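Tertiary structure, described
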Amino acid sequence: MSAKCCNHTTEDRLRDSRYRRVLWAALVINAGMFLIGIIASVAAGATPLQADALDFLADTGNYGISLFVAVAVLLANAASVALLWVYRTGDSNMRSVWLCSRNDRIGNFAVLLAALGVFKPGQSWPDIFVAFVMDAFGLQGARRIIRLALAELQPRHVH
């Protein structure tokens, strides 16, 4: 449900431009070998070449999933935010869940934008900026929840 709360390390790795480039290279190599293997297996009528080509296709899918997992995380967090919207003003527990999911939704989108920013020029400042903004959101949410939880812990006077 939430990257910051659940400590997802896949997103952290995907922020590393070298890691993404290696995944892209592996994807392209395996996709190319799949195409070569299929063409060669059809030309030669060789079933073992088809099996080997399909293995390359499976590897290509694996690398593709690794590269595009941030999109799936974005959609999952968007669904969570939509479900929690009605309860965003509840007790400290519900507000905590809401703020964490909201922050993660914003963070997922920001990570995708930062990935585009570091992919072309190869600079790390978009990643640093996103990290700073997400830390600010996290601290703001933590302050809100701590204040609300402390207020909930205060004894209520019944007259």
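Helix and strand counts for the protein stand at 6 helices and 0 strands. Along its sequence from the N terminus, the protein presents helices and strands in the succession α-α-α-α-α-α. Counting only contacts in the protein whose residues sit at least 6 apart along the sequence, the fraction spanning at least 24 positions is 68%. In the form shown here, the protein has an accessible surface area of approximately 10400 Å², with 69% of it arising from carbon and sulfur atoms.

Moving on: a nonpolar patch on the surface. Taken together, Trp-24, Val-28, Phe-68, Val-71 and Leu-75 make up a surface patch of nonpolar side chains, about 470 Å² in accessible area. Secondary-structure elements contributing two or more residues to the nonpolar patch are helix 3 (17–44) and helix 4 (47–84). With 3 residues, the top contributor of residues to the nonpolar patch is helix 4. Its place among the elements puts Trp-24 in helix 3. The class of Trp-24 is partly exposed, set by a relative accessible area of 32%.

In this section: helix 3. For helix 3, spanning 28 residues, the distance from its first C-alpha to its last is 40 Å, which sits close to the expected 40 Å at 1.5 Å a residue. Within helix 3, the full set of buried residues consists of Ser-17, Arg-20, Leu-23, Ala-26, Leu-27, Asn-30, Phe-34, Gly-37 and Ser-41. Just downstream of helix 3, Gly-45 is the residue with a positive phi angle, here 65°.

Let us look at the side chain of Thr-60. Note on placement: Thr-60 falls in helix 4. At a separation of 3.5 Å, a polar atom in the side chain of Thr-60 contacts the main-chain carbonyl oxygen of Asn-30. Leaving out residues up to four positions away in the same chain, Thr-60 has contacts with Leu-27, Asn-30 and Ala-31.

Remark: helix 3 packs on helix 4, axes separated minimally by 8 Å, with the N-to-C direction vectors making an angle of 155°. It follows from the interaxial angle that helix 3 and helix 4 lie roughly antiparallel. Relative to helix 4, helix 3 is oriented so that their crossing is left-handed. Per-class residue counts for the contact of helix 3 with helix 4 are 17 nonpolar, 7 polar and 2 charged.

The next thing to look at is the packing of aromatic side chains. Scanning the entire structure with this criterion turns up 1 aromatic pair. Taking 5.4 Å as the distance between ring centres and 75° as the angle between the ring planes, the aromatic pair formed by Trp-85 and Trp-98 counts as edge-to-face. With Trp-85 in the loop between helix 4 and helix 5 (92–119) and Trp-98 in helix 5, this pair connects stretches of sequence that are 13 residues apart. For Trp-98, a relative accessible area of 9% puts it in the buried group.

A rise of 1.5 Å per residue sets the reference length of helix 6 (residues 125–153), with its 29 residues, at 42 Å; its end C-alpha atoms lie 42 Å apart and thus fit the reference within 8%. The complete set of buried residues in helix 6 reads Pro-126, Asp-127, Val-130, Met-134, Gly-141, Ile-145 and Leu-148.

What follows concerns the confidence of the model for the protein. Averaged over all residues, the pLDDT of the protein equals 76, while 83% of them reach at least 70. Per-element mean pLDDT across the protein ranges from 48 in helix 1 (residues 3–6) up to 83 in helix 6. Within the model, pLDDT remains below 50 along residues 1–8, and this stretch shows 18 contacts once partners closer than five positions in the same chain are excluded.

What counts, and at which threshold
Residues numbered from 1 in each chain as written. Predicted model: local features only at pLDDT ≥ 70, side-chain atom pairs only at ≥ 80, totals over all residues. Heavy atoms only, no water. Helix = DSSP H or I, 4+ residues; strand = E, 2+ residues; numbered from the N terminus. Contact = heavy atoms within 4.5 Å. Areas by Shrake-Rupley, 256 points an atom, 1.4 Å probe, with all protein chains shown as cover. Patch = residues over 30% accessible without salt bridge, like charges linked within 9 Å, V, L, I, M, F, W, Y side chains within 5 Å. Salt bridge = Lys/Arg side-chain N within 4 Å of Asp/Glu carboxyl O. Buried < 20%, exposed > 50% of the residue type's maximum accessible area, 1.4 Å probe, protein only. Expected span 1.5 Å × (residues − 1). Polar contact = N/O pair within 3.5 Å; in protein donor to acceptor, adjacent residues only side chain to side chain. Axes fitted to C-alpha atoms, helices over the stretch in contact; angles between N-to-C directions. Parallel < 35°, antiparallel > 145°, perpendicular 65-115°, else oblique. Left-handed = near helix turned anticlockwise from the far one by under 90°. Nonpolar A, V, L, I, M, F, W, Y, C, P; charged D, E, K, R; others polar. Phe/Tyr/Trp six-rings, centres within 6.5 Å; stacked < 30°, edge-to-face > 60°. pLDDT = per-residue confidence, 0-100.

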